[in-house]
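# Survey of secondary and tertiary structure
Listed below are the residues making up each chain.
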Amino acid sequence: MSEVNVKEWVKQVVKQEEIDKYLVNGEDFIDETEINSHLSATVNPDKQKVRDILQKSLSIERLEPDETATLLNVTDGELWKEMYATGLEVKQKVYDNRIVFFAPLYCGNLCVNNCAYCGFRKENSEEKRRVLTMDEVIDEAKAVISEGHKRMIVVFGEHPKTDADYIAQTIETVYGVRVKARNGYGSIRRVNINAAPMSIEDLRKLHEVGIGTYQVFQETYHKPTYAVVHPANTLKGNYRWRLYALHRAMDAGIDDVAIGALVGVYDWRFDVMGLLYHTIDLERQFGIGPHTISFPRMTPASGAELSTKSNHLVNDADFKKLVTVLRLSVPYSGLIITAREQAEIKRDVIMVGCTQTDASTKIGIGGYTEALKALSLAQTTAQVKEKQQFTLGDTRSLDEVIREIAEMGMITSFCTAGYRCGRTGDKIMGLLKGCVEGRFCKLNAVLTFREYLDDYASPATKEIGEMIIQKELDEIKQIPFFQKGNLLQTFLKFYEQVSSGERDVFI
Ligand code: SAM
Ligand code: SF4
């Protein structure tokens, strides 16, 4: 594709009317002065006030900006300990003790943007550019499925070669891949997308092919900083086009959306406030908040200076605080911690409320297939030198991470039932707020973990996994909610079916 054609494509992407329709009196929902005044008005908060806010989180109510600002201003170490414990309690109430796993698939690193922190930025001449063919997408999906994954997030740079049509084709291709497992076949049952903001018309194409969650990170909500790190002459330089990406998704019928901020671009407290305001505006305009919130922490990327030199890089202690305040502020949204982080910090933030993580992640384009080839040449994965968007902190296999989660007393879930039973959007939000979804998911977590243990687990993981499953079965039999109707009997019948080799059975 010629440079001229790329430029022409870029010119037609932004539809101004698809920004303006969401503004109120010409203003968007991020008011820097208002955020800063909340943050400065709540310094040195009173202990009792903080404890009252924690009670509100425990009743699974979203916090208001002044309450989130109050939590962000806590300095007392003992009070933070209470907040960590409450974060976990909130998570247990809504999501029980399960962790959902997914694998990212990077399909292309061509990009028309020039984000100062990303290895895919167009001026990074060190990056070798390519876009996967559909045959390569199949090979990548096969490698991911062979590990036992059932959920995938497909990631793209912004470029006409990876436009909405290409993304839609990718989704369909991934859904079509089947790989023989110990029992039956494995497949990806839910394809989520992390891609640039699109028009409503393009988003409808993704809705039609069965997109799971549509994820767009604002990176930073602080407009002056946003303008510095995303040059004005690039598509991503348009702050509002990005700010309303998920509003447009809702209008296109995609009611399952995910927000995020790139931690380390600007002051983390300001961006936690930004994520809260984003949640509030989605709820105000559509009645549905974000299904998940992400907080990728900036890690070193080749050819992207800001990734190591930012003045706002966040240390582990503050990162844990950030996750805790998000957990307490939006109690019903999932929180995602990725393999960008080291194993130790992942463990730490799971214990304050994260609900989803990835494992066995490869972020080079074609990285899963290359890793398999390398293994067949008897090399280790560590020896596979990848050109990638940023650096990974946790390169362990899915089996290893699942074993660790089990050792922490938690159950791995590959459940994709909610989405396929119509439990999305306002329905899932209602169920999450009422702590009901967690109960369905408890059952589906057991069914999908049973599949994993029988189809993919190593002997060591199977051994500890059996203990977790037994503990879950014992609990399920005791919970009054499951005694209603014939839920328990149905579940036990399904469990028997899965144990004897039937696959993709869900409630
Ligand atoms: N190109 C699309 C976009 O920008 O929305 C989606 C793909 S981009 C590869 C996915 C996310 O990676 C970005 O939204 C950003 O938050 C994150 N990211 C970029 N550079 C990073 C870095 N150096 N460390 C960690 N995460 C990074
Ligand atoms: Fe491109 Fe996204 Fe990377 Fe920015 S973050 S350079 S838009 S791939």
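Worth saying up front: this structure is predicted, and the values here are computed from it rather than measured. (Residues numbered from 1 in each chain as written. Chains lettered and ligands numbered in written order. Predicted model: local features only at pLDDT ≥ 70, side-chain atom pairs only at ≥ 80, totals over all residues. Heavy atoms only, no water.)

This part is about the overall build of the protein chain. Regarding its fold elements, the protein chain presents 23 helices and 11 strands. Rg of the C-alpha trace for the protein chain: 22 Å, near the compact-globule value of 23 Å for 507 residues, within the 12% margin. For the C-alpha atoms alone, the extent of the protein chain along its principal axes is close to 60 × 60 × 40 Å. Buried residues in the protein chain amount to 63% of all 507 residues. Contacts in the protein chain between residues at least 24 apart in sequence constitute 77% of all its contacts with a sequence separation of at least 6. Looking at the protein chain as shown, the accessible area adds up to about 19500 Å², and 50% of this sits on carbon and sulfur atoms. (Helix = DSSP H or I, 4+ residues; strand = E, 2+ residues; numbered from the N terminus. Rg over C-alpha atoms; globule rule 2.2 N^0.38 Å. Buried < 20%, exposed > 50% of the residue type's maximum accessible area, 1.4 Å probe, protein only. Contact = heavy atoms within 4.5 Å. Areas by Shrake-Rupley, 256 points an atom, 1.4 Å probe, with all protein chains shown as cover.)

What you see with strand β7 (residues 257–260) is no split at all: V257 and I259 on one side and A258 and G260 on the other are buried throughout. Sheet topology places strand β6 (residues 214–215) next to β7; two bridges connect them, and they run parallel. When the bridges of β7 are listed, Y214 appears paired with V257. Here three bridges tie β7 to strand β8 (residues 292–294), and the two strands are oriented parallel to one another. Looking at β8, one finds that I259 is bridged to I293. Since β7 and β8 lie parallel, the crossover through helix α13 (residues 268–286) that links them has a hand, and here it is right-handed. (Pairing = 2+ DSSP bridges. Right-handed = clockwise from strand over helix to strand, strands pointing away.)

Below, the discussion takes up the pattern of salt bridges. Enumeration over the complete set of coordinates arrives at 36 salt bridges. Note that D28 is salt-bridged to R240, the shortest N-O span being 2.8 Å. You can see D28 sitting in the loop between α2 (17–20) and α3 (32–41) and its partner R240 sitting in helix α11 (residues 239–243), a full 212 residues away along the chain. Judged by relative accessible area, which is 10%, D28 ranks as buried. (Salt bridge = Lys/Arg side-chain N within 4 Å of Asp/Glu carboxyl O.)

Along the chain, N114 falls in the loop between β1 (98–108) and α7 (134–147). In this structure the side chain of N114 is engaged in a polar contact, spanning 3.5 Å, whose partner is the side chain of R121. Apart from residues no more than four positions distant in its own chain, N114 is found in contact with R121, K122, E123, V229, P231 and T234. (Polar contact = N/O pair within 3.5 Å; in protein donor to acceptor, adjacent residues only side chain to side chain.)

The set of residues buried in helix α9 (residues 200–208) consists of I200, L203 and L206. Angular distribution of buried residues about the axis of α9 spans 110 degrees; they occupy a single face of the element. Across α9 from its buried face, at more than 90 degrees, point the exposed residues E201 and E208. G210, located one to two residues past α9, shows a positive phi value of around 90 degrees. (Arc of directions from axis to C-beta.)

In this fold, D474 is placed in helix α22 (residues 459–478). Judged by relative accessible area, which is 40%, D474 ranks as partly exposed. Between the alpha carbons of D474 and H278 there is a distance of 40 Å; along the sequence they are 196 residues apart.

Moving on to the confidence of the model for the protein chain. Per-residue confidence for the protein chain averages 92 on the pLDDT scale, and 93% of its residues sit at or above 70. Under a pLDDT of 50 for its full length, residues 382–387 has, in the predicted model, 10 contacts with residues more than four places off or in other chains. (pLDDT = per-residue confidence, 0-100.)

A separate point is unusual backbone geometry. Phi angles above zero are rare outside glycine, and S360 is one such case at about 60 degrees. With respect to the element layout, S360 can be found in the loop between β10 (356–358) and α17 (367–376). Even without being glycine, D504 reaches a positive phi, approximately 60 degrees. Topologically, D504 is positioned in the segment after α23 (487–499).

With respect to spatial proximity, the complete set of residues near ligand 2 consists of C111, N113, C115, Y117, C118, F120, R121, G157 and K236. Partitioning the shell around ligand 2 into residue classes produces five nonpolar, two polar and two charged. (Near = heavy atom within 4 Å. Nonpolar A, V, L, I, M, F, W, Y, C, P; charged D, E, K, R; others polar.)

Moving on, we get to the domain arrangement of the protein chain. Under the domain assignment, the protein chain is made up of domain 1 (3–27 + 88–420) and domain 2 (425–499). Taking only C-alpha atoms into account, the centre of domain 1 sits 27 Å from that of domain 2. Each partner contributes residues to the interface: domain 1 has 39 residues there, and domain 2 has 30 residues. Summing both sides of the interface, domain 1 and domain 2 together bury roughly 2900 Å²; the carbon and sulfur share of this comes to 60%. On the domain 1 side of the contact with domain 2, R182, Y332 and I411 bury the most area, a combined 19% of that side's loss. Linking domain 1 to domain 2 there are two salt bridges. Of the charged contacts, one joins D96 and K442 as a salt bridge, the two residues approaching to 2.8 Å between their closest N and O atoms. Where domain 1 meets domain 2, there are 14 residue pairs in polar contact (both at pLDDT 80 or more). Residue assignment for the side of domain 1 that touches domain 2 shows that the elements contributing at least two residues are α6 (77–95), α7, α18 (398–407), β11 (411–413) and α19 (417–420). Of the residues forming the side of domain 1 that touches domain 2, the biggest block, six residues, is contributed by α18. Classifying every residue of the side of domain 1 that touches domain 2 by side-chain character gives 15 nonpolar, 12 polar and 12 charged. (Domains from an automatic or database assignment. Buried area = accessible area lost by both parts, 1.4 Å probe.)

So, on to the packing of helix α8 (residues 164–175) against α9. Where α8 meets α9, the axes come as close as 9 Å, and the angle between the chain directions of the two elements is 10 degrees. As judged from the angle between their axes, α8 and α9 are roughly parallel. Listed contacts from α9 to A164, D165, I167, A168 and I171 of α8 are D202, K205 and L206. Considered class by class, the residues forming the contact of α8 with α9 number five nonpolar, no polar and three charged. (Axes fitted to C-alpha atoms, helices over the stretch in contact; angles between N-to-C directions. Parallel < 35°, antiparallel > 145°, perpendicular 65-115°, else oblique.)

Take the layout of surface pockets next. With a probe scaled to a water molecule rolled over the atoms, the places where space remains empty come into view. Each pocket or cavity is described by its volume, and for the second largest pocket that value is around 380 Å³. What lines the second largest pocket is a set of 17 residues, among which E3, V6, C111, V112 and K122 lie closest to the centre. Of the residues assigned to the lining of the second largest pocket, the class counts are seven nonpolar, four polar and six charged. (1 Å grid on protein atoms, 1.4 Å probe; cavity = no way out; pocket = protein on both sides within 12 Å on 5 of 7 lines; lining within 4 Å. Points joined across faces, edges and corners; volume = space filled by probe spheres on them.)

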